[in-house]
Amino acid sequence: MTTPALLRSRGTLADLLSGRSNGIGLIRLCLAVGVVLSHSKPLGFGANDLGYHLTGRQTNVGTMAVYGFFVLSGLLITRSARRTGIIRYAWHRALRIFPGLWVCLLITALVVAPLVALREHGTTSGFFDNAWDRGGPLAYLQANWWTGVRQYGIQDLLKETTPWGEKSNSSVFNGALWSLKYEMFCYVVVGVLAVTAVLRNARRFVLFLTVALYLSILQDWVSSGRVSGPASTAAWTFDSPLVGVMSFHYIVYLGFLFAFGATLDLYRERVPINDALGIGSALALGLSLLFGGFFVIGLPAFAYLLVWLSVRMPRQVHWVGRKNDYSYGIYIYGFIFQQVMASLGWSRWGYVPFAAMSVAAAFAAAFVSWKLVEQPALRLKDWTPRFVARRSSQKVPVEQQTAVAEEPPSTPEVSVGGPTQELPQQRATLVPGR
């Protein structure tokens, strides 16, 4: 008897995700749009994020999106770290994160905020007075330059003219940026593991780290005393240089997902791609969202489901994101435009029109960001200073300067979008740590 097709393995992750033909680009785009759709509820109407009550207050669409970003990022960033030296790895990571972020911050502080001030106060007079003081536009740039959002607002703008400003009693321009510091933290950890040869010679350490983080989540869930609802979390935080306050809770949960993706890559020759496992993961995820246990059952199921989908998606959609990756731009600009549109009262037409306008505006900004900032920056990935290239060529004999066959190119490396997360003992918030 032959094994039913549903139960038969289609190969391993190493066999099926070795090149650029996969569905990761489409998945990433859907996750980014999910962030915007989820944020449309609280930013436009002061309500909880999309799906919050449907999942028994465990999570929401935006949070699920950021979880997915961390899984894919762990998978692909680890692959990048294995292929390149530490200097090149750091250069690649910086090019993917900072140019787009810096331009976004500049546009927010020097273009959007003055226009909002003009509308709310009727003048921009005094806008740049004491600009370096806390709450000023230049202080906003200085505080958020290195991915950690240490200043969410500019003066008192949007505080009284948006549903979220009234609900939080604060000025917030781009609360979605908060998760970038956790991604950067994961990048640093992967860089340390790469330079110490752990990724090449001691991959079990990453597996043990993943298991340890999962056990911490399991303990968190058990200690909560409930099957459903928000996870109970330790409120322990620490102040990190440049990026500000880091939450132990987010390090554990987002770190687990990133480490899970990294483990899948490191053990790629042993990870089966099986339709029964993929469908089973989808069922486990759905049941855990509806009835509880999402953090201990749904998170690993969601991680495998994303990897399975990236391989099993039809080839007709593999072109999405291969040359033009708009997901990062949608993430970093979506929140800003939603706040501005909410201040203009555009949410009065209802959720669907507001969400549609939000997605359209985010796509437009992402297109411009990709074409004018992100893509030109990424063209510098292989740039090497002349004195370094000259020194390297002098060290290597001419007869040895031949092309070396490398591993097939991977999917373009990702950066994480940062949607809403629930804070300890809070139902929903867009700005953790405030």
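Residues numbered from 1 in each chain as written. Predicted model: local features only at pLDDT ≥ 70, side-chain atom pairs only at ≥ 80, totals over all residues. Heavy atoms only, no water.

### Re a nonpolar patch on the surface
Item 1. Together, Leu106, Ile107, Leu110, Val111, Leu115, Leu118 and Phe128 give the surface a local cluster of nonpolar side chains, amounting to about 580 Å² of exposed area.
Item 2. Locating Leu115 in the fold gives a position in helix H4 (residues 86-121).
Item 3. Since its relative accessible area comes to 54%, Leu115 is described here as exposed. (Patch = residues over 30% accessible without salt bridge, like charges linked within 9 Å, V, L, I, M, F, W, Y side chains within 5 Å. Areas by Shrake-Rupley, 256 points an atom, 1.4 Å probe, with all protein chains shown as cover. Salt bridge = Lys/Arg side-chain N within 4 Å of Asp/Glu carboxyl O. Helix = DSSP H or I, 4+ residues; strand = E, 2+ residues; numbered from the N terminus. Buried < 20%, exposed > 50% of the residue type's maximum accessible area, 1.4 Å probe, protein only.)

### Brief notes about the UniProt feature "transmembrane region" (unreviewed entry) in the protein chain
Item 1. Look at the UniProt record and you will see "transmembrane region" (unreviewed entry) annotated at residues 21-39, 59-77, 97-118, 180-198, 205-222, 242-264, 276-306 and 351-370.
Item 2. From the first C-alpha to the last, residues 21-39 spans 31 Å; its make-up is 84% helix and 0% strand.
Item 3. Annotated as 89% helix and 0% strand, the span residues 59-77 places its first and last C-alpha atoms 26 Å apart. (UniProt positions renumbered as here; feature names shortened; annotations may be inferred.)

### Here we look at the packing of helix H9 (residues 204-224) against helix H12 (residues 294-312)
The angle between the axes and the distance between the axes are what describe a pair of packed helices.
Item 1. Interhelical geometry of H9 versus H12 gives an angle of 145° and a closest axis separation of 9 Å. Each of Tyr214, Ile217, Leu218 and Trp221 in H9 lies in contact with H12, whose residues at this interface are Phe295, Val296, Leu299 and Pro300.
Item 2. A per-class count over the contact of H9 with H12 returns eight nonpolar, no polar and no charged. (Axes fitted to C-alpha atoms, helices over the stretch in contact; angles between N-to-C directions. Contact = heavy atoms within 4.5 Å. Nonpolar A, V, L, I, M, F, W, Y, C, P; charged D, E, K, R; others polar.)

### Notes on the packing of helix H11 (residues 275-291) against H12
Item 1. At a minimum axis distance of 8 Å, the contact between H11 and H12 shows a crossing angle of 140°. The angle between H11 and H12 falls in the class oblique. Crossing geometry of H11 relative to H12 is assigned as left-handed. For the pair H11 and H12, the contacting residues are Asp275, Leu277, Gly278, Ile279, Ser281, Ala282, Ala284, Leu285, Ser288 and Leu289 in the first and Phe294, Ile297, Gly298, Ala301, Phe302, Tyr304, Leu305, Trp308 and Arg312 in the second. (Parallel < 35°, antiparallel > 145°, perpendicular 65-115°, else oblique. Left-handed = near helix turned anticlockwise from the far one by under 90°.)

### Focus: the side chain of Gln58
Item 1. Its place among the elements puts Gln58 in the loop between helix H2 (24-45) and helix H3 (61-83).
Item 2. Among the polar contacts listed, one links the side chain of Gln58 to the backbone oxygen of Ser288, at a separation of 2.9 Å.
Item 3. Among the polar contacts made by the side chain of Gln58, one reaches the main-chain amide nitrogen of Gly293 at a distance of 3.3 Å. (Polar contact = N/O pair within 3.5 Å; in protein donor to acceptor, adjacent residues only side chain to side chain.)

### Re the pattern of salt bridges
Item 1. What the rule picks out here adds up to eight salt bridges.
Item 2. Residues Arg96 and Asp325 are paired through a salt bridge, measuring 3.3 Å at the closest nitrogen-oxygen approach. Separated by 229 residues along the polypeptide, Arg96 in helix H4 and Asp325 in the loop between H12 and helix H13 (327-343) bring together distant segments of the chain. Here Arg96 matches Asp325 in class, with each residue buried.
Item 3. Arg270 is the salt-bridge partner of Glu269, the closest N and O atoms lying 4.0 Å from each other.

### Quick notes on the packing of aromatic side chains
Item 1. Counted by the stated rule, this structure contains 21 aromatic pairs.
Item 2. With 5.5 Å between their ring centres and 70° between their planes, Trp236 and Phe248 make a pair best called edge-to-face. Note that Trp236 is positioned in the loop between H9 and strand E2 (237-240) and Phe248 in helix H10 (residues 248-266), a separation of twelve residues in sequence.
Item 3. Residue classification places Phe248 among the partly exposed residues on the basis of a relative accessible area of 35%.
Item 4. Considering the side-chain rings of Phe294 and Phe295, the 5.3 Å spacing of their centres and the 65° angle between planes classify their relative orientation as edge-to-face.
Item 5. Classification of Phe294 by relative accessible area gives buried; the value is 0%.
Item 6. Taken together, the ring pairs in this structure connect Tyr67, Tyr253, Phe294 and Phe295 into an aromatic cluster.
Item 7. Cation over ring: Arg93 sits above Tyr187, and NZ or CZ is 5.1 Å from the ring centre. (Phe/Tyr/Trp six-rings, centres within 6.5 Å; stacked < 30°, edge-to-face > 60°. Lys NZ or Arg CZ within 6 Å of the ring centre and 35° of its normal.)

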